[in-house]
Amino acid sequence: MAIEAKQRVLRLVLVALSGIVLVLVAGVPLLVAETPKISVDEVAEGLTCQCGCGLTIANCNHPNCSFSVPAKEEIEAMINRGLGRETIIASFRAKYGEKILSAPTTQGFNLLAWITPFVMLLGGGGLIVLVLGRWRASDTSQAAAPAVSSTAPSAAEEELRRQLARELRDRT
């Protein structure tokens, strides 16, 4: 009986090892297939063309651009060497400076470029609400003032009404 128990345990171990080997063999191609390979355009979209067009390297509209064409070739060579998007962009940044980036970084002084538009929008919206509130308050106070004075016209108003009535009589 002890031999049968040992054989059962050995079979279970073999089945478990076979299952593990099967999962590993089936999983390796999936892991290789899931590794995304970046394209030249994905990297070039993060870099600004230096020919003066103001577009990204990926979107430069000059067919024989003296900057974007060689830059795309350099990016492709870097991708083929196995470098990632961030490494390639960092390489171009080190070579050409901050002006090569199509969007400012979110560090240091460049953080101001990201925050300022939102602060200005909020400040402008607050200013508009404040001005509209004051206009509305002044409109209601002006609308209330004539209603009070209409019950008791002043002497100047009475004189103007008499003058208007005389002029209308003279015309007819």
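Located above this text is the structure these notes cover.
About the criteria used
Residues numbered from 1 in each chain as written. Predicted model: local features only at pLDDT ≥ 70, side-chain atom pairs only at ≥ 80, totals over all residues. Heavy atoms only, no water. Helix = DSSP H or I, 4+ residues; strand = E, 2+ residues; numbered from the N terminus. Buried < 20%, exposed > 50% of the residue type's maximum accessible area, 1.4 Å probe, protein only. Contact = heavy atoms within 4.5 Å. Areas by Shrake-Rupley, 256 points an atom, 1.4 Å probe, with all protein chains shown as cover. Salt bridge = Lys/Arg side-chain N within 4 Å of Asp/Glu carboxyl O. Core = buried A, V, L, I, M, F, W, Y, C linked by side-chain atoms within 4.5 Å. Phe/Tyr/Trp six-rings, centres within 6.5 Å; stacked < 30°, edge-to-face > 60°. Expected span 1.5 Å × (residues − 1). Arc of directions from axis to C-beta.

**Notes on the overall build of the protein**
- From N to C terminus, the protein includes six helices and zero strands.
- In the protein, the succession of α and β elements from N to C terminus is α-α-α-α-α-α.
- With 172 residues in all, the protein has 14% of them scored as buried.
- At a minimum sequence separation of 6, the contacts of the protein that also span at least 24 residues come to 39%.
- As displayed, the protein offers around 13400 Å² of accessible surface, 66% of which is attributable to carbon and sulfur atoms.

**Details of the pattern of salt bridges**
- Taken as a whole and assessed by the stated rule, the structure comprises five salt bridges.
- Arg-93 is the partner of Glu-98 in a salt bridge, and the nearest nitrogen-oxygen pair spans 2.3 Å.
- On the basis of relative accessible area, Glu-98 is assigned to the partly exposed category, the value being 36%.
- Given the relative accessible area of 31%, Arg-93 is considered partly exposed.
- Among the ionic pairs, Arg-166 bridges to Glu-159, the shortest N-O distance being 3.8 Å.
- The partly exposed category is assigned to Arg-166, whose relative accessible area is 40%.
- For Glu-159, a relative accessible area of 37% puts it in the partly exposed group.

**Some details on the nonpolar core**
- Among the nonpolar cores identified, the biggest contains 18 residues, and Val-43, Leu-47, Ile-57, Phe-67, Ile-75, Ile-88 and Phe-92 are the most heavily contacted of them.
- Those elements that provide at least two residues to this core are α2 (40-44), α3 (68-80) and α4 (85-96).
- At four residues, α3 tops the list of elements feeding residues into this core.
- Once residues lying within four places of it in the same chain are set aside, the contact partners of Ile-57 are Ala-44, Leu-47, Thr-48, Cys-49, Phe-67, Ser-68, Ala-71 and Lys-72.

**Focus: the packing of aromatic side chains**
- Within the structure shown, the criterion is met by two aromatic pairs.
- For the ring pair Phe-92 and Tyr-96, a centre distance of 6.1 Å and an interplane angle of 20° mean the geometry is stacked. With Phe-92 and Tyr-96 both in helix α4 and four residues apart, the pair spans about one turn of that helix.
- The class of Tyr-96 is partly exposed, set by a relative accessible area of 28%.
- Members of the aromatic cluster, joined through ring pairs, are Phe-67, Phe-92 and Tyr-96.

**Side note on α3**
- Between the first and last C-alpha of α3 there are 18 Å, a value that for 13 residues agrees with the 18 Å anticipated at 1.5 Å per step.
- Those residues of α3 that sit buried are Ser-68, Ala-71, Ile-75, Met-78 and Ile-79. All buried residues of α3 lie within an arc of 100° about the axis, which places them on one face of the element. Within α3, the exposed residues directed more than 90 degrees away from the buried face are Glu-73 and Asn-80.
- Taken together, the buried residues of α3 touch α2 and α4.
- A positive backbone phi angle near 95° is found at Gly-82, which sits one or two residues after α3.

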